[in-house]
Amino acid sequence: MSFFLPKLTSKKAIDEVIKGVAEKVLVLRFGRDEDSVCLQLDEILSKTAHDLSNMASIYIVDVDKAPIYTRYFDISYIPSTVFFFNGQHMKVDYGSPDHTKFVGSFKTKQDFKDVIEVIYRGAMRGKMIVQSPIDPQNVPKYDLLYHGI
């Protein structure tokens, strides 16, 4: 399903999108096209892209083609979804130790829509971190890996 969503294949392209998307939530899905969980998430993203077009722009980023951002956002697990608004990295408190990204696939289209709406409304009020509307049981659990500590 990822062929319905625009792909970013270089640092320059990612930089331009981060700087260029205004007054909308920018959604960057980091992963690989051949990964089954990424494909599951891509299906949710592509099915909601039209409904959310007034609030969000959604892009796919291959972790192998954007190693600088993969390291910067500490993408250890895929898929990982990162959110921006007007060039600012938006953080979401999912009840997990990492507020910088959503790791895994959203369980439902409605979960994804709810997150986008909360980020959009929070960002319009000047907030840089918002509380997740997703039921904690629907948030994938994982352990943070700290390298070199």
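- Under an unreviewed UniProt entry, the name given to the protein chain is Thioredoxin-like protein, and the source organism is Fundulus heteroclitus.
- According to its UniProt record, the protein chain has this under Subcellular location (unreviewed entry): "Nucleus".

## Thoughts on the packing of aromatic side chains
Reasoning step 1: Counted under the stated rule, the structure contains eight aromatic pairs.
Reasoning step 2: Ring centres 6.0 Å apart and planes at 55° place the aromatic pair F30 and F73 in the tilted group. Of this pair, F30 sits in strand 2 (residues 25-31) while F73 sits in the loop between helix 3 (67-72) and strand 4 (80-85); the two residues are 43 residues apart in sequence, bridging distant segments of the chain. Accessibility assignment for this pair places F30 and F73 in one class, buried.
Reasoning step 3: Taken together, F30, Y69, Y72, F73 and F84 form an aromatic cluster joined through their ring pairs.

Conventions adopted
Residues numbered from 1 in each chain as written. Predicted model: local features only at pLDDT ≥ 70, side-chain atom pairs only at ≥ 80, totals over all residues. Heavy atoms only, no water. UniProt positions renumbered as here; feature names shortened; annotations may be inferred. Phe/Tyr/Trp six-rings, centres within 6.5 Å; stacked < 30°, edge-to-face > 60°. Helix = DSSP H or I, 4+ residues; strand = E, 2+ residues; numbered from the N terminus. Buried < 20%, exposed > 50% of the residue type's maximum accessible area, 1.4 Å probe, protein only.

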